[in-house]
Amino acid sequence: MLDAVSVLAVLVLYMGLLFLTALRVERRSSEEGRPFNSALIYSLSLGVYCTAWTYYGSVGKAVTSGLLFLPIYLGPTIAIMLWWTILRKLVRIKTIHHITSIADFISARYDKSLAVGALATFIALIGTMPYIALQFKAVFSTFALITSEPGAEPSWISSHLGSVTVSLMIVFTIVLGVRRVDPTERHPGLVMAIAVECLVKLVAFLAAGIFVTYFMFDGFGDILARVRMELPQHILEMWKADQVWSVTWMTYLVLAMSAIMFLPRQFHVSVVENFDEKHIRTAMWVFPLYMLLINVFVFPIAMGGILKGHSHLEADTFVLSLPLQAGQNWLSVLVFLGGASAATGMIMISSITVSTMITNHFLLPLVGWIPWLAFLRRRLLHCRWAALAIVILSGYWFEQAVGESYMLVNIGMISFAAAFQFAPAILHGIFWRRGNKMGALLGLGAGFTVWFYTLLLPAFVRSGWVSYALLDQGPFGIAILRPERLFGITELGPLAQAVFWSTVFNVGFYVFGSLVFKQSPTERSLAEDFVGALTAGPDLTKSTHRESYIDLASKAKTILKVFGQFFSEEEAKAMTTKCIREAGVEGKDRISITELARIHNEVERFLSGSVGAATAHRWLTQSGLFSDREARDLSEVYSEILAGLKVTPEDLQRRIDYYQEREALLGQHAAELEEKVRERTRDLEAAQEELIKRERLSVLGQLTGVVSHELRNPLGVISFSNYYLKRNIKDPDEKIVKHLDRIAEQVGHCDLIIDELLEYTRGTQSSLVRGEINPWIEQVLDQMAIPEGIRVHRSLGRSLPPVRFDGEKLRRVVINLVENALQAVRSRVEAEKGSDYRPVLRVATSLVDGALCIEVSDNGMGMDLDTASRAFEPLFTTKPRGTGLGLAVVKKVVEEHGGRVLLSSQLRQGTSVSVFLSIDQEGNDESDPLHGDPTREPV
């Protein structure tokens, strides 16, 4: 046995090192202004899934049930194959709505409902508390195993280990995860600490497995050979005891697939703490590898303990007891630290996320209903500390009260089944628009009730807290209602039948409530956002121009008052300033109604990160940010966008369902317009061969006229049916504005195509004026908005002779070339994140072979030979939103000037486009209106 003081000292030192590591990451993140960004750290932190229950219990499950431990790890591995669709969508929604927990996610989806959030919080709390107790039990029992002599009195440290551990956990978790109310709810230091803990428990388990397999025995082959000859018959009988092993396997598999995403702690690590959704790609192979490695030695350790004569009742401690009894003290300490890492990681993450849910979905709504509790809003951080302490202390109390009962031994799968109740509400919520608040309430309530009745209540019975007659005879002697044989099903095991019936009731009531009850306008918009999260377009509210008559200062005071209810005056001011800056109106005295709508959106999103989506929506709605006139004006904005409607409200209701708004408005009409563009594009491409032989521009111009005529008519009707739709909405929602602006984006895109087609085909004569090129180019570049971080070198040749050019047309040439270069360097910046690449543009003028050359070059992505050779072809583009006419127009304009264009490019090297113009041989003309006035441009 080891000295208790030494083991405790090692544990405290280990926790201290974790704290220092986390603190350094927190400071680094604060200095750099962004969270510590690492796909590997994110992937390792997901290993919090492997708690002390799996660290020690996998070996125990292998002894008592054979390979039944495998589904616990196979389930997540299978679920990971769906992560790029499901988890990426969850992360995208979390970022958009500033989601802080799994309860906040469900609440935000279903009309930002306080009731839904509170119910989800209650389920998470009940399902998590006993699981935390199990982690404490693992730490206490393993500490006693390596420090207590058989029959000896426990030391003072052993007697007070519980209070010491609980105190350390509370302080450590608060310092790492709840030091401040973070509007992003990301904790980079905590995530780093969790990742280190996950690495430590993996190394510890592998070390124990290698020692047992290759030092206590002679490898895998030796263990398997001995198992065939020496395995006790009663062990084999235990493995065969489950007559419905296939159902049990499937149940474990389904629960594990759900748990990897919907356990509150897993949702927090994988969704809330995700900094970059691209990290999911790395996690999709790192985490399965982690799961494989931590399972390699489970069966050898399990069989090794049996072969060494240990009882199967001690199987949960084989990982620790085998090295300890072999005299490997330091290995035993390492294994103990691995188990402590598994336990403390789960406790920290679970207590943080549950305490966040309690304050956001229990406390804050209660404060809103009871006026004399209003002072607690300014004590939100302290309330969260108290909630976290209560969660951890409750887990500790539960461990002390329940002890060695049936409930604690089996709470792992019971908690998995509790988390499974979240799956229907979340999966339906992100894939089915019809799902609504009433469906979520009914589904969650029914599923949780059945789970409690069929799993938790029998656990209470077997722990001696409730009469055993309930299991034998059913309530009031009604046998068909026996919890473990509900409705007469006896073929399934207790866990399988509980999962089956809770799923039936959960999904059934969810679908029933969603079909019978109607969604509110806000909920319809939220449903669209959640279902279409991966395909939603950008917010285009800036496209609607309105009069700026709203006093920004007065609105800032209102926003400051909202933030002031929850934060200090200094924090509230900083948050108000940031929201105004993010809305793009900083420095203005007066703003338009659309700009006010953007500010409202930023405030709600920012507040959601601190107090949850439901609470933020409620308090901001009550703030009176919009006056009656402003509400009417916002309504008029919608009406103007929808002014093309030609139907009655009754016709509208028949022709479009709210929950299919995106398909009906964006999908249908945008698809029709894009199909027309594609049809005309095919016509244009087919006509090109004929244009080579005949008058190309004349024929193409006629065809463009047809395109313009046939497209501009449907563009005038694109606002389909929304005018009367708006008249039926009393409280406008900014989400509807997003949908309408997406329509405007599609219209604008089609208009751009038409304009560039017309520019390319029309035969207007250029208005050439003689002048110097350098001052004109300087002015064009000065008027362009160059993104921060991109250098533009101007290398303008000296003493260049004048040229004759059309300033307006040539301006489009230069702007087009510079914007193409900016797009190329931005694409390379995105592709080479983390590298030392520095984007550079160069605009140069010079004399080349008797012609004036304007060169625009970049060090961006570049093009391959085939793409470069087709760059000037009409309608050829590699951009997702490109028209394929930009460079074609450039070439046409330059040729109208009697010049020529050359392009050279290499992949990952950059692109250079040179425009050559003929020099004006008439010499300097003092009467020229441009001569001596570089600020004027040719007209």
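Up top you'll find the structure we're talking about.
Right, let's walk through the structure included here. Note that the structure is predicted; figures quoted are calculated from it, not measured.

## Description of the overall build of the protein
And then number 1: Across its full length, the protein carries 40 helices and nine strands.
And then number 2: Here the protein, with 939 residues, has 56% of them falling under the buried criterion.
And then number 3: In the protein, the proportion of contacts linking residues at least 24 apart, taken out of those at least 6 apart, comes to 82%.
And then number 4: Counting only carbon and sulfur atoms, one obtains 57% of the accessible surface of the protein, whose full area is about 40,500 Å².

## So, the sheet that holds strand β4 (residues 791-796)
And then number 1: In space, the five strands of this open sheet follow the order β4-β6-β7-β9-β8, with mixed pairing throughout. Looking at the sheet topology across the chains shown, the edges are occupied by β4 and β8 (900-906). Pairwise comparison of adjacent strand axes, ignoring direction, gives a mean angle of 15° for this sheet.
And then number 2: Where helix α37 (residues 773-782) meets the sheet, its contacts fall on β4, β6 (840-848) and β7 (851-858), and the angle it forms with β4 comes to roughly 170°.
And then number 3: With respect to the sheet, helix α38 (residues 807-831) is in contact with β6, β7 and β9 (910-918), its orientation differing from that of β7 by roughly 25°.

## Concerning unusual backbone geometry
And then number 1: One non-glycine residue, Lys112, lies in the positive phi region at around 50°.
And then number 2: By the element assignment, Lys112 lies in the loop between α6 (102-109) and α7 (114-147).
And then number 3: Residue classification places Lys112 among the buried residues on the basis of a relative accessible area of 11%.
And then number 4: Phi is positive for Ser799, close to 55°, though the residue is something other than glycine.
And then number 5: Along the chain, Ser799 turns up in the loop between β4 and β5 (803-805).
And then number 6: Using a relative accessible area of 74% as the deciding quantity, one classes Ser799 as exposed.

## As for the pairing of β9
And then number 1: With eight of its nine residues buried, β9 lies for the most part within the structure.
And then number 2: As paired elements, β7 and β9 share eight bridges and run antiparallel to each other. Following the sheet pairing, Asp858 is matched in β9 by Thr911.
And then number 3: Counting the residues between successive antiparallel strands, the hairpin from β8 to β9 contains three residues, one of them, Arg908, with a positive phi of roughly 65°.

## Side note on the environment of Cys50
And then number 1: Following the sequence through the fold, Cys50 ends up in the loop between α2 (39-45) and α3 (52-65).
And then number 2: For the pair Cys50 and Met291, spaced 241 residues apart in the sequence, the C-alpha separation amounts to 8.6 Å.
And then number 3: Apart from residues lying up to four places away in sequence, Cys50 is in contact with Tyr73, Lys201, Tyr290, Met291, Ile294 and Ala342.

## Description of the packing of aromatic side chains
And then number 1: Within this structure, the stated rule accounts for 30 aromatic pairs.
And then number 2: Summarising the aromatic geometry, the rings of Phe211 and Phe215 are spaced 6.0 Å apart at their centres and angled 15° between planes, so their arrangement reads as stacked. Here Phe215 and Phe211 lie together in helix α10 (residues 188-216), a separation of four residues that amounts to about one turn.
And then number 3: Owing to a relative accessible area of 11%, Phe211 belongs among the buried residues under this scheme.
And then number 4: Here Phe215 falls in the exposed class, since its relative accessible area comes to 63%.
And then number 5: For the pair Tyr214 and Phe220, a centre-to-centre distance of 6.1 Å together with 80° between the ring planes defines the contact as edge-to-face.

Conventions we followed
Residues numbered from 1 in each chain as written. Predicted model: local features only at pLDDT ≥ 70, side-chain atom pairs only at ≥ 80, totals over all residues. Heavy atoms only, no water. Helix = DSSP H or I, 4+ residues; strand = E, 2+ residues; numbered from the N terminus. Buried < 20%, exposed > 50% of the residue type's maximum accessible area, 1.4 Å probe, protein only. Contact = heavy atoms within 4.5 Å. Areas by Shrake-Rupley, 256 points an atom, 1.4 Å probe, with all protein chains shown as cover. Pairing = 2+ DSSP bridges. Axes fitted to C-alpha atoms, helices over the stretch in contact; angles between N-to-C directions. Phe/Tyr/Trp six-rings, centres within 6.5 Å; stacked < 30°, edge-to-face > 60°.

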